Amino acid sequence: MLESKSPSGPLEQKWNEYKGHVKLVNPTNKRKLEIIVVGTGLAGASAAASLAELGYKVKSFCFQDSPRRAHSIAAQGGINAAKNYQNDGDSVFRLFYDTIKGGDYRSRESNVHRLAEVSASIIDQCVAQGVPFAREYGGLLSNRSFGGTQVQRTFYAAGQTGQQLLIGAYQALERQVALGNVTVYARHEMQELVVIDGKARGIITRHLLTGELERHFGHTVVLCSGGYGNVFYLSTNAMGCNATAIWKAHKRGAYFANPCFTQIHPTCIPVSGDYQSKLTLMSESLRNDGRIWVPKKQNDGRRPNEIPENERDYYLERRYPAYGNLVPRDVASRAAKERCDAGYGVGTSKQAVYLDFADAIHRFGHVECHKQGMENPSEEQIKNAGREVVKEKYGNLFDMYEKITGENPYEVPMRIYPAIHYTMGGLWVDYELMTSIKGLYCLGEANFSDHGANRLGASALMQGLADGYFVIPYTIGNFLADEIRTQEIPTDHPAFSEAEKAVASRIDQLMKIRGTKSVDHFHKLLGKIMWEKCGMARNAAGLKAAIGEIQKLKKEFYEDLKIPGGIQEMNPELDKANRVADFLELGELMCIDALDRNESCGGHFREEMQTPEGEARRDDEHFAFVSAWEYKGPHQWELHKENLDFEVAKPTQRSYK
């Protein structure tokens, strides 16, 4: 069994107890130690900035042309924190409990409680950086609701919270760059992890403009490279998002935990054709004021505004009256799929439901007119006033929707449907965020630690910044305190040479195939297999078939792949080929993990395991553990388990009714 290394004692005291007894590195010794940070999103930028400010020498790597291009910039809705500004009963415990329950009791209590504890400090940190959070009229920070909670704890900056938070972290990072404490390597993609005497000691990168392979030493390596949602091809992730960094670490010995736990976001613009390369997220914040519905009549061809109120089915409000439209993402996604599968879908594809702001516009309009002293305002005045309120809260999201669809969401309901968004699985880490390889840490979405089988909305930004600003600065010292006598290892060490040779061999193998099919051809086929057989619903027969299909597709990939261009140059098709090669292996492991987990929990919905009401049915007796897979060779993995013990949040059947 795997050991999480969680401190002993009461849950609420573990983090303080840990900080009070952890080993420290004095300032003089910090200047002698080098840390590699891979990724410059919220986790990576905050970690690099924080570690450099402590005095460590930091090397920061990103495959984009600037750290500001990290995909964290795309997050829209907000960031959770237990501040209780609304005086509505929020607390550290409630945030902890909501997160454990939202993850369907498949996350580690100690990590989640620590996350809830430091959440309030994140907001203070970001406000000090100048992040322009929305504010109430009196100047206090504003909050809104997100799914899976009954309190308002989500801080936001219109519909561009990720962008504003990333700018804050980027400013902190660039300050350290200017001071000479951080060196940023843009357009460098990690291709291999270097392990010496069982410890992570460096990485091999490929310079994406020149094709040159480079060796970089570090006393420790921190991976903050994001999730693996692009294994499905169509997702809300940017096309460049990939799993290469964590996958290479996995193949060097780092365990991969809960790979089948992927999140389907219920509020995305539906697929419109085969030409698409990605899908567009519409923030979960829209579910604060928008109402989700479908016609009560099957295959109803009328336009939404032609369907009277009594012929509309607000199915989330009907099925889950306590939470309504703010149920967790996995619940809302399956409910939308069920309605569409039953013949109530809308739009030309019939694979969509409506998200309607008419009631919100009318409600806000009445309030605004009253504030302005209008007596007996006309419907037009109410409508115009309400639109202005909605525009202030969600305007950029509405503009984005209209630009993509050509429809005015102020006039007609949005059409939405679930899509792949986030991955709860990732490299296994202990309480210190160290993987099963000594000296290799993993932060943010790249690790598995905090969200269980389903992430609550607005918790991704919280985890990324918590790990980078407030966790890794403490925990990394516990390892580095014993490394102060370790001299810098020259990059001509045999381990570096062997790792670089392995990378060059893989690239050479791909370039020599000279087949007829593009990288995207194979990626799309993989995505189709994953979505249909390991997507919103899975079953044993489909998963077994998917494993065989992926193995066959991998064989075809290495026989008929065509990559134009050369190696020693900028070659985006070669970059994609490297990433898709990893996705093919990861996709197989995801299906193996989903087949092994013979229960339904959160985003992992096995059709054989559901309640009579169609909800996920867990099996706590047999599956209350983290699945951590060790790579043993092509198509071979060994399962290790970390038992999940719940001392405070006792597992119960999730109910949002």
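The preceding data block contains the structure.
Every residue gets a number counted from 1 within its own chain, in the order that chain's sequence is written. The model is predicted, so local features are restricted to residues of pLDDT at least 70 and side-chain atom pairs to those at 80 or more, both for listing and for counting; the totals for chains, interfaces and linings are taken over all residues. By convention in this description, side-chain values take in all heavy atoms of the structure and omit both hydrogens and water.

1. Here's the deal with the sheet that holds strand E13 (residues 312-313)
By definition, two strands form a pair when at least two bridges between them are found by DSSP. Every helix listed is a DSSP run of H or I at least four residues long, and every strand listed is a run of E at least two residues long, numbered separately from the N terminus. Pairing is antiparallel across the open sheet formed by five strands, whose spatial order is E11-E15-E14-E12-E13. Each edge of the sheet is formed by a strand with only one pairing partner; in this case those strands are strand E11 (262-268) and E13. As judged from the two bridges shared by strand E12 (residues 291-295) and E13, these two strands associate in the antiparallel manner. Pairing of valine 294 across the sheet is with aspartate 313, part of E13. We call two residues contacting when some pair of their heavy atoms lies within 4.5 Å. Note on geometry: axes are C-alpha line fits, over the in-contact stretch for helices, and angles between N-to-C directions span 0 to 180 degrees. Sheet strands in contact with helix H9 (residues 329-344) are E11, E12, E13, strand E14 (353-356) and strand E15 (414-423), and its direction is about 65° off that of E11.

2. Focus: the pairing of strand E2 (residues 57-61)
Most of E2 sits out of view: four of its five residues are buried. Pairing analysis gives five bridges linking strand E1 (residues 34-38) to E2, with the strands arranged parallel. Along E2, the bridge assignment pairs isoleucine 36 with lysine 59. Classification remark: right-handed applies to a crossover when, strands pointing away from the viewer, the course from the first strand over the helix to the second runs clockwise. Between the parallel pair E1 and E2, the chain is carried across by helix H3 (residues 42-54), and the sense of this crossover is right-handed. Examined bridge by bridge, E2 and strand E5 (residues 182-185) share four bridges and lie parallel to one another. Its bridge partner being in E5, serine 60 is matched across the sheet by valine 184. Each residue is placed in one exposure class: buried if its accessible area under a 1.4 Å probe, protein chains only, is under 20% of its type's maximum, exposed if it is over 50%, and partly exposed if it falls in between.

3. Comments concerning unusual backbone geometry
What is expected of a backbone is that most residues other than glycine have negative phi and most peptide bonds are trans. With a phi angle near 55°, asparagine 84 is a residue other than glycine that sits in the positive phi range. Mapped onto the fold, asparagine 84 is located in the loop between strand E3 (79-80) and helix H4 (92-102). The exposure class assigned to asparagine 84 is partly exposed, which follows from its relative accessible area of 27%.

4. A closer look at the pattern of salt bridges
A side chain with one charge may pair with a side chain of the opposite charge, provided their charged atoms come close. Criterion for a salt bridge: a side-chain nitrogen of Lys or Arg within 4 Å of a carboxyl oxygen of Asp or Glu. Under the counting rule described, the total for this entry stands at 57 salt bridges. As a salt-bridge pair, glutamate 317 and arginine 291 come within 2.8 Å of each other at their nearest N and O atoms. Here glutamate 317, found in helix H8 (residues 315-319), pairs with arginine 291, found in strand E12; they are 26 residues apart in sequence, far enough to count as distant. Judged by its relative accessible area of 26%, glutamate 317 falls in the partly exposed class. Salt-bridge contacts for arginine 415 lead to glutamate 407; the nearest nitrogen and oxygen are separated by 3.1 Å. Given the relative accessible area of 22%, arginine 415 is considered partly exposed.

5. Looking at the packing of H3 against helix H6 (residues 161-178)
The N-to-C vectors of H3 and H6 enclose an angle of 30°; their axes lie 8 Å apart at closest approach. The hand of the H3/H6 crossing is left-handed. Contact residues: H3 offers Leu42, Ala45, Ser46, Ala48, Ala49, Ala52 and Glu53, while H6 offers Leu165, Leu166, Ala169, Ala172, Leu173, Arg175 and Gln176. The nonpolar class holds Ala, Val, Leu, Ile, Met, Phe, Trp, Tyr, Cys and Pro. Asp, Glu, Lys and Arg form the charged class, and all remaining residues, Gly among them, are polar. Looking at the contact of H3 with H6 residue by residue, the classes come out as ten nonpolar, two polar and two charged. Here is the rule for handedness: rotate from the far helix to the near one, and if that takes an anticlockwise turn smaller than a right angle the crossing is left-handed, while a clockwise turn gives right-handed.

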